[in-house]
Amino acid sequence: MLSNKRLVTLNAIGICCNIALLVIFVKYKSGEKCYITINEHQEVMSVLPDDFLSIGIDASELQNYNRIDFSKPRFRELAAALAPAKLRLGGTMSDRLIFSRDDTPLISCKNCPLNASKSVCHAVKKFCRHKFLPFFILSGRKWSEINDFCNVTGIKLLFPFNLLLRDGNEWNNHNAVELLEYSMQKGYKIDWQLGNEPNSLHHVFNVTITPQMLAQDFKKLRKTLDHHGYHKSLLVGPDTTRPQPNCHTCLTYMIEFLGNGSNYINVRSWHQYYLNSKTAKLEDFWNPKTFNLLNEQIITMKNYTRNYIQIPMWLSETSSSYGGGAPGLSNSYAGTPLWIDKLGLCAKYNITTVIRQSFFGGNYSLVDEQLEPLPDWWVSVLYKKLVGNKVLHIDCKCSPLQRMYAHCANRKYTNDTSAITIYAINLEMDKIRFFLNGTAIHGNDLNIDEYIISAPSNNRITKTVLLNSWPLYYEHPLPDLEPRHLKYGHHVSMPPYSIAFWVIKNTSLKVCK
């Protein structure tokens, strides 16, 4: 039998445990308090195109002819769910790609068969002089398969020509002309680029192309496009790397190129990644300092190129970590908050297209090798479904671990011309409550459609995510993503480590009409 003293001790321990559990329960139920303010009288910050959220596939995926079957129904369905969009076939290997309208399987440095065109043989000879510049052939048949895929899915192709096909200091356009003539004959509608990260060519290929040389190359390409029926196509460039404190040339290359070649492009473009895939850790993906890198880079790029504000700006290649993505992180829920925040920041700063690297391939893809959608695909589909083109101002008084953006709601989602979509990220292991304030969101008839994306058991490296507590699985056709309907109270809330979309109807906003 227990002594009275021991019983008292055990009871005291039990009471303390219960009190602790009660405190945790109350804290979770009440949640940290934040305040959202959206006022009725405001101007639209920017207006985005329907293909703002776009996708890329690395050109290296085309080396193995049969690696991607662009005709596969499931592959097309998964891409079509993100339409309208651009599809960029870029990356380092785009500067090793040679187009041949015919299949030329026997082509090599020692043999260029009779059925190969002069432009193909000439290009092969150029690369064969440099053993560090291997090449691969993209056939007309594969090119047609890619373009048919784009036509069926409602996606517009963006293709970079090979910049390393050169005669001395000048770009050689012969292979480009062969591709343009083939494409025009087939009636393909395409936008174009020239090269990939030209400021890094010396590091990657031991080749230097100055911004002044590149500007002349773009001038030549613009004339070539106009002459071969592609005068309406966009020319996008120069696709430099992100500005960095320890890389002065990353920014000066862009500035000097624009100073010489701004008249020849329709879009000024650059690439952005946060982390090195070889060294990135889970907590790096959820650290507010990592999120702030993009904000600083956008402001820097905007400030230094403000003389060219009339030319739209794109992130023409971007993901969480460079070098193919961090395995188990970039392609899991770990990278999803960075992706949503990137869309919010780019919309806020009027970067009019964001091309996600990649749709398929690498460890940062939206779709895996078995054509199963990964977490970022699901949130991209939700974004397309709910978020409209007009970007609004929103004040959110909370900690750095909560980030929030607002747009007019997608008019395809609701006919309510006053509806807005708020999307937010909660980076901490706490429930968060957002109190709704401002002159735009008041009244008893306010209705909210809520979509909460979270991880099972708060497992941030999961590849299966929950929508309103139910796991998401892809079936044919795409299942309806149903909201939880909330009647207006005074707040909305988010569970730990979650992403939320709220479509708020019957507001007092006029700018969304």
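Here the structure is a predicted model, which means the values were calculated and not measured.

Calculation criteria
Residues numbered from 1 in each chain as written. Predicted model: local features only at pLDDT ≥ 70, side-chain atom pairs only at ≥ 80, totals over all residues. Heavy atoms only, no water. Helix = DSSP H or I, 4+ residues; strand = E, 2+ residues; numbered from the N terminus. Rg over C-alpha atoms; globule rule 2.2 N^0.38 Å. Buried < 20%, exposed > 50% of the residue type's maximum accessible area, 1.4 Å probe, protein only. Salt bridge = Lys/Arg side-chain N within 4 Å of Asp/Glu carboxyl O. Pairing = 2+ DSSP bridges. Axes fitted to C-alpha atoms, helices over the stretch in contact; angles between N-to-C directions. Contact = heavy atoms within 4.5 Å. Phe/Tyr/Trp six-rings, centres within 6.5 Å; stacked < 30°, edge-to-face > 60°. Disulfide = S-S within 2.5 Å. pLDDT = per-residue confidence, 0-100. Expected span 1.5 Å × (residues − 1). Parallel < 35°, antiparallel > 145°, perpendicular 65-115°, else oblique. Left-handed = near helix turned anticlockwise from the far one by under 90°. Nonpolar A, V, L, I, M, F, W, Y, C, P; charged D, E, K, R; others polar.

Draft legend 1. The arrangement of the overall build of the protein in detail. A count of helical and extended segments in the protein gives 12 helices and 27 strands. In terms of C-alpha radius of gyration, the protein reaches 26 Å, essentially the compact-globule figure of 24 Å for 513 residues. Along the three orthogonal principal directions, the C-alpha set of the protein runs to about 100 × 60 × 45 Å. Here the protein holds 513 residues, and the buried ones make up 57% of them.

Draft legend 2. Structural detail: the pattern of salt bridges. Taken as a whole and assessed by the stated rule, the structure comprises 20 salt bridges. In this structure, the salt-bridge partner of arginine 74 is glutamate 372, at a minimum N-O distance of 3.3 Å. Of this pair, arginine 74 sits in helix α2 (residues 73–80) while glutamate 372 sits in the loop between β16 (353–357) and α12 (375–386), placing them 298 residues apart in sequence. Classification of arginine 74 by relative accessible area gives partly exposed; the value is 25%. In this structure, arginine 88 engages aspartate 239 in a salt bridge whose closest nitrogen and oxygen atoms are separated by 3.0 Å. One end of the pair, arginine 88, is in strand β4 (residues 85–90); the other, aspartate 239, is in strand β11 (residues 235–240), and 151 residues separate them in sequence. No difference in accessibility class separates arginine 88 from aspartate 239, as the two residues are buried. Taken together, the shared-partner salt bridges in this structure form one network comprising Asp51, Lys86, Lys156 and Asp191.

Draft legend 3. Spotlight on the sheet that holds strand β7 (residues 155–161). Strands sit in the order β3-β4-β7-β10-β11-β12-β14-β16 around a closed barrel of eight strands; the barrel is parallel. For this sheet, the mean angle separating the axes of adjacent strands, direction not counted, is 25 degrees. Pairing geometry for strand β3 (residues 53–58) and β4, over four bridges, is parallel. Looking at β4, one finds that isoleucine 57 is bridged to leucine 89. Along the sheet face, helix α10 (residues 288–304) touches β12 (267–272) and β14 (313–318) and points at about 150 degrees away from the line of β12.

Draft legend 4. Examining the sheet that holds strand β18 (residues 395–397) more closely. The sheet built from four strands is open, its strands ordered β18-β1-β21-β26 with mixed pairing. This sheet does not close on itself; its edge strands, each paired only once, are β18 and β26 (491–494). With direction set aside, neighbouring strand axes in the sheet form an average angle of 25 degrees. Taken together, the three bridges between strand β1 (residues 32–37) and β18 define a ladder with antiparallel strand orientation. The residue of β18 that forms the bridge with isoleucine 36 is cysteine 396.

Draft legend 5. Up close: the packing of aromatic side chains. One pass over the structure, following the stated rule, counts 26 aromatic pairs. Arranged with centres 5.4 Å apart and planes meeting at 75 degrees, the rings of phenylalanine 75 and phenylalanine 359 form a pair that is edge-to-face. Placement of phenylalanine 75 in helix α2 and of phenylalanine 359 in the loop between β16 and α12 is noted, with a sequence separation of 284 residues between them. On the basis of relative accessibility, which here comes to 2%, the residue phenylalanine 75 falls in the buried class. On the numbers, 5.5 Å between centres and 80 degrees between planes, the contact of tyrosine 383 with tyrosine 423 is edge-to-face. In this pair, tyrosine 383 sits in helix α12 while tyrosine 423 sits in strand β20 (residues 420–426), placing the two residues 40 residues apart along the sequence. Residue classification places tyrosine 383 among the buried residues on the basis of a relative accessible area of 4%. Tyrosine 423 gets classed as buried once you look at its relative accessible area, which sits at 0%.

Draft legend 6. Representation of the state of the cysteines in the model. Considering all chains together, one arrives at five disulfides under this definition. Here cysteine 34 engages in a disulfide with cysteine 398; their sulfurs sit 1.5 Å apart. Remark: cysteine 398 occurs in the loop between β18 and β19 (402–409) and cysteine 34 occurs in strand β1; sequence separation between them is 364 residues. A relative accessible area of 0% places cysteine 34 in the buried class. Under the relative-accessibility criterion, cysteine 398 is labelled partly exposed at 26%. Disulfide partner of cysteine 112: cysteine 121, at an S-S distance of 1.9 Å. Residues cysteine 112 and cysteine 121 are joined by a disulfide whose S-S torsion is about -90 degrees; by sign, that bridge is left-handed. Owing to a relative accessible area of 28%, cysteine 112 belongs among the partly exposed residues under this scheme. On the basis of relative accessible area, cysteine 121 is assigned to the buried category, the value being 15%. Across the protein, the way the bonded cysteines pair up, counted in sequence order, is 1-8, 2-5, 3-4, 6-7, 9-10. Here cysteine 396 is not disulfide-linked; the sulfur of cysteine 398 is the nearest cysteine sulfur, at 5.1 Å.

Draft legend 7. View of the confidence of the model for the protein. Across the protein, the average pLDDT comes to 92, with 93% of residues at or above 70. In this model residues 15–30 is a low-confidence stretch, pLDDT under 50, and it forms eight contacts with partners more than four residues away in sequence or in other chains.

Draft legend 8. Structural detail: helix α7 (residues 211–227). For α7, with 17 residues, the first-to-last C-alpha span of 24 Å sits near the 24 Å given by 1.5 Å per residue. Along α7, the residues classified as buried are Pro211, Met213, Leu214, Ala215, Asp217, Phe218, Leu221, Arg222, Thr224 and Leu225. With its phi angle positive at about 90 degrees, glycine 229 sits one or two positions after the end of α7.

Draft legend 9. How the structure looks around the packing of α2 against helix α4 (residues 140–153). In the contact formed by α2 and α4, the axes pass within 9 Å of each other and the chain directions differ by 50 degrees. In terms of orientation, α2 lies oblique with respect to α4. Like other packed secondary-structure pairs, α2 and α4 cross with a definite hand, here right-handed. Contacts between α2 and α4 involve Phe75, Arg76, Ala79 and Ala80 from the former and Asp148, Phe149, Val152 and Thr153 from the latter. Split into classes, the residues belonging to the contact of α2 with α4 amount to five nonpolar, one polar and two charged.

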